[in-house]
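Per-entry structural report
Here is how the chains run, residue by residue.
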Amino acid sequence: MLPTDGVMCFPGQTWEKVLSKVKKAVVFMDDRCSESLHWNGGAALLFEAGARNIKQFSSFEAGGQNEPKAVFVVSTVLKGKTADIIKDIISLSRFQYCVVFTAIPHSIHLLANNVTTDLEGNSVFEQFEEKLCEWMGDMNYTAEVMHAPVVFAPLTQHLHLLPAFSDLFPLLEVDLESINEKRPEKRRFGSLMDVDTHSLSPELQIQIKSLTSAINTLFEFIGTREESFSVGPMSRLIAGELASHPQAKNRRKSAPNKASVVFIDRTLDRTGAVGHHGDSLVEKILSGLPQLPGHVTDIQVDMLELTHLKQTTDNKGILAPGCLAQNQSATARLLWETMLVAKQKEAVMEVRRQLVEAASKENLPIKMSLGRVTAEQLCSYVQLFRDSWGALESHSGVLQLGLAAAQALRHPALPCWDACLAFERLLLQALGDLDLAEVLKQLLPLIKSSSGELSVDDLLVLLVYVYSMAQEACPGGAEQEKHVEKVENELIGALTLRLTQQTSLSPLLQEITGVSGPEELTVERAHSALENVFEMLRGVCHARDPLKHFSSVYTPSDGAHQATYRPLLKQVLEEIFHPDRRECPDVEHMSGGLTDLLKTGFSMFMKVTRPHPSDHPLLFLFLVGGVTPSELRLIRDVVSTHKSGTQVLVMSTRLLRPCDVPHLLFSIDRLKPDIGV
């Protein structure tokens with residue numbers, strides 16, 4: 001089996017262990033594992049394997065009177081909160097047989113329990129089995145605890161996400177200050193590049209080790225030995241951890257295949273992540289349509305067009321939503337892959353083509369029309385299927401994707417998307433012509449606008465966009481900094497007023513302010529929350545400071561050409577595939593110890609070729625903190641332009657929409673991620 005085929009098979013393979021245990025069981029699963037299952041075949045897999053029921057992993061759930069067997073599938077450590085929920089469910093049930101799967105391996109459970117020596121066997125899992133029997137009320141009942149790395153979600157052949165790590169985000173300057181506060185003055189770190197894994201919180205160490213363990217398991221499955229590279233401080237920690245992973249050393253001795261893996265920090269380029277690109281249909285679908293409950297990536301497609309029901313408040317929520325994950329149909333899967341990487345015009349034309357083809361196969365009375373594809377046209381094609389149950393069932397995947405496209409094209413938020421795109425273009429040009437204070441002043445009328453064309457969430461996205469390029473576009477000096485600070489205080493004041501006038505708070509604003517509704521939001525609280533936001537934004541300015549080669553994503557206007565944004569990812573890929581195979585100081589090779597030291601020592605006396613990311617036929621690009629659909633197209637285009645013969649597979653923690661970035665920057669605790677404890 002080729003390594004690329006193995007990568008596609010692997011996520012499904014990780015679920016085999018779980019499927020072998022679910023017969024006649026009620027299955028309790030947390031959101032992150034549910035999302036992985038969703039992209040691997042969904043609940044149908046469990047029911048086909050004999051599961052009786054699937055329930056949310058929650059203290060408010062329980063098994064029925066005649067359900068003696070339970071299977072728990074969690075992405076977290078088996079202690080603290082996670083253990084409490086399992087105990088609560090068992091206490092409310094009548095189980096005699098419990099199986100617990102955790103995505104965190106036993107070696108990391110030892111670390112979570114402060115056990116420094118590697119004990120024989122699976123002592124932590126065995127102790128938890130005893131607890132399960134205690135909670136079931138009889139030590140003679142059966143309990144099993146085991147590890148299953150069910151963390152991969154294959155969105156396409158070339159893109160795998162790891163939903164369990166969707167809130168893992170590279171550290172910022174403010175996080176460095178928090179790390180240094182706990183250290184003696186002489187041992188404080190000068191920059192994020194100096195931080196080592198041991199100086200991180202136990203929670204973040206566990207998350208990084210769990211991630212590298214999952215990647216190592218994948219490489220074991222595909223029989224591959226990798227060379228690890230990193231761009232950015234968090235990537236450096238992850239690549240270093242993978243390079244020195246204890247089991248990886250044995251694998252690398254005998255693995256027949258070779259690959260390079262390059263980890264890249266999202267924080268080094270937030271411009272592309274918050275940008276409202278005009279030519280990506282999937283970005284509009286992800287931003288416009290509501291998310292599936294408990295999911296980070298997939299959305300809900302309203303299926304009303306496939307019925308004769310009229311939209312009323314009575315039937316709202318009566319239909320199960322459609323989604324983007326189409327595992328049953330090869331045609332739908334190919335359509336989704338096209339939608340994800342094609343330009344909007346190509347994507348909607350392909351959606352129309354597939355709908356026409358499906359209708360023709362079923363001899364439905366379709367009226368062909370050329371020219372521009374409209375939402376109404378797509379809906380009229382979809383409606384042809386609603387009177388034929390067989391046709392609807394055969395093509396349900398394509399129909400769901402067709403409806404997703406139509407609903408995004410006619411979404412009421414689309415004008416706002418276009419407005420954000422227009423403002424970004426104006427700000428991009430202004431950054432080259434004005435200093436930062438003057439650019440920020442241009443946002444004041446938008447904030448004070450009574451029409452409220454842009455929401456507070458949109459304004460935060462625009463602020464991230466500006467600050468992401470501010471350092472290289474408007475370097476400034478001490479005098480300039482005072483001027484910027486003055487304008488920032490004006491912005492904070494205007495945003496505070498806008499915030500306290502809200503009649504409802506978006507999830508992002510609830511996270512940032514720490515309150516659930518406008519009635520709880522005081523002026524002081526809003527002002528303090530916004531001060532924290534601007535402190536974070538100033539750190540965003542300096543994220544690329546340690547880089548030598550990729551220190552800018554901004555090209556100023558030269559009179560003949562307008563100012564442009566140069567995606568960091570494109571710069572990195574062009575460097576990797578450069579025919580001269582240049583050594584780039586920002587793409588750091590991470591190796592597992594002695595061999596690399598020896599190479600370095602020998603290189604003083606003889607010419608030793610250092611490993612290069614383009615050395616092998618397979619390249620994994622891992623974007624720590626998320627990747628956008630536009631970047632997926634960019635990767636495809638750069639690789640095909642260079643005709644390198646290298647196959648590139650993308651892995652990331654999440655598929656980003658612009659509003660995700662303020663959430664990851666302003667409202668999560670990057671130093672203490674939730675590991676279920």
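Source: prediction; values computed, not measured. (Residues numbered from 1 in each chain as written. Predicted model: local features only at pLDDT ≥ 70, side-chain atom pairs only at ≥ 80, totals over all residues. Heavy atoms only, no water.)

Quick look at the overall build of the chain now. What the chain contains, in helices and strands, is 28 helices and 14 strands. The principal-axis extent of the C-alpha atoms belonging to the chain is close to 75 × 75 × 55 Å. For the chain, buried positions account for 56% of its 677 residues. Counting contacts in the chain only where the partners sit at least 6 residues apart, residues at least 24 apart contribute 77% of the total. As presented, the chain carries roughly 29900 Å² of accessible surface, and 51% of it is formed by carbon and sulfur atoms. With 65 positive and 82 negative side-chain charges, the chain shows a separation of 4 Å between the mean positions of the two kinds. (Helix = DSSP H or I, 4+ residues; strand = E, 2+ residues; numbered from the N terminus. Buried < 20%, exposed > 50% of the residue type's maximum accessible area, 1.4 Å probe, protein only. Contact = heavy atoms within 4.5 Å. Areas by Shrake-Rupley, 256 points an atom, 1.4 Å probe, with all protein chains shown as cover. Lys, Arg positive; Asp, Glu negative; His and termini not counted. Charge placed at Lys NZ, Arg CZ, Asp CG, Glu CD.)

Before going further, it helps to examine helix α2 (residues 31-39). Taken residue by residue, α2 has Cys-33, Glu-35, Ser-36, Leu-37, His-38 and Trp-39 as its buried positions. In the segment just after α2, Gly-41 is the residue with positive phi, at about 135°.

What the rule picks out here adds up to 19 salt bridges. Notably, a salt bridge pairs Arg-252 with Glu-226, separated by 2.8 Å at the nearest N-O pair. Remark: Glu-226 occurs in strand β8 (residues 224-231) and Arg-252 occurs in helix α10 (residues 246-254); sequence separation between them is 26 residues. Note on Arg-252: relative accessible area 19%, which makes it buried. Between Arg-353 and Glu-357 there is a salt bridge, and its shortest N-O distance comes to 2.8 Å. Of this pair, Arg-353 and Glu-357 both sit in helix α14 (residues 344-361), four residues apart, roughly one helical turn. (Salt bridge = Lys/Arg side-chain N within 4 Å of Asp/Glu carboxyl O.)

The geometry of an aromatic ring pair is captured by the separation of the ring centres together with the interplanar angle, meaning the angle of the planes. For the structure on display, the rule yields ten aromatic pairs. With a centroid separation of 6.0 Å and an interplanar angle of 35°, the aromatic rings of Trp-39 and Trp-336 are classed as tilted. Residue Trp-39 is located in helix α2, and its partner Trp-336 is located in helix α13 (residues 330-341); the two are separated by 297 residues in the primary sequence. Accessibility expressed as a relative area gives 3% for Trp-39, which makes it buried. A relative accessible area of 3% means that Trp-336 is categorised as buried. Of the aromatic side chains, those joined through ring pairs into one cluster are Phe-28, Phe-57, Phe-72 and Phe-95. (Phe/Tyr/Trp six-rings, centres within 6.5 Å; stacked < 30°, edge-to-face > 60°.)

Take the nonpolar core next. The tendency in soluble globular proteins is for nonpolar side chains to be buried as a group. Counting residues in each nonpolar core, the largest one holds 143 residues, and the members touching the most others are Leu-440 and Leu-463. Take this core: its biggest share by element is twelve residues, from helix α21 (residues 456-473). For Leu-440, the contacting residues outside a window of four places in its chain are Leu-463, Val-466, Tyr-467, Val-484, Val-487, Glu-488 and Leu-491. In this structure, Phe-152, Leu-242, Val-261 and Leu-671 belong to the second largest nonpolar core, which totals 40 residues. (Core = buried A, V, L, I, M, F, W, Y, C linked by side-chain atoms within 4.5 Å.)

So, on to unusual backbone geometry. Non-glycine residue Lys-24 carries a positive phi angle of around 60°. The backbone of Asn-363 sits at a positive phi, close to 55°, despite the residue not being glycine. Its location among the elements puts Asn-363 in the loop between α14 and α15 (375-383).

This brings us to the domain arrangement of the chain. Per the domain assignment, the segments making up the chain are domain 1 (3-148), domain 2 (151-269 + 567-676), domain 3 (290-410) and domain 4 (414-542). One C-alpha centre belongs to domain 3, the other to domain 4, and the line joining them spans 37 Å. (Domains from an automatic or database assignment.)

Here we come to the packing of α15 against helix α17 (residues 396-409). It is the contact of α15 with α17, at a shortest axis distance of 8 Å, that shows an interaxial angle of 155°. One element, α15, and the other, α17, form an angle in the roughly antiparallel class. Between α15 and α17 lies a crossing of left-handed hand. Where α15 approaches α17, its residues Ala-375, Leu-378, Cys-379 and Val-382 are matched on the opposing element by Leu-399, Gly-402, Leu-403, Ala-405, Ala-406 and Leu-409. Tallied by class, residues from the contact of α15 with α17 come to nine nonpolar, one polar and no charged. (Axes fitted to C-alpha atoms, helices over the stretch in contact; angles between N-to-C directions. Parallel < 35°, antiparallel > 145°, perpendicular 65-115°, else oblique. Left-handed = near helix turned anticlockwise from the far one by under 90°. Nonpolar A, V, L, I, M, F, W, Y, C, P; charged D, E, K, R; others polar.)

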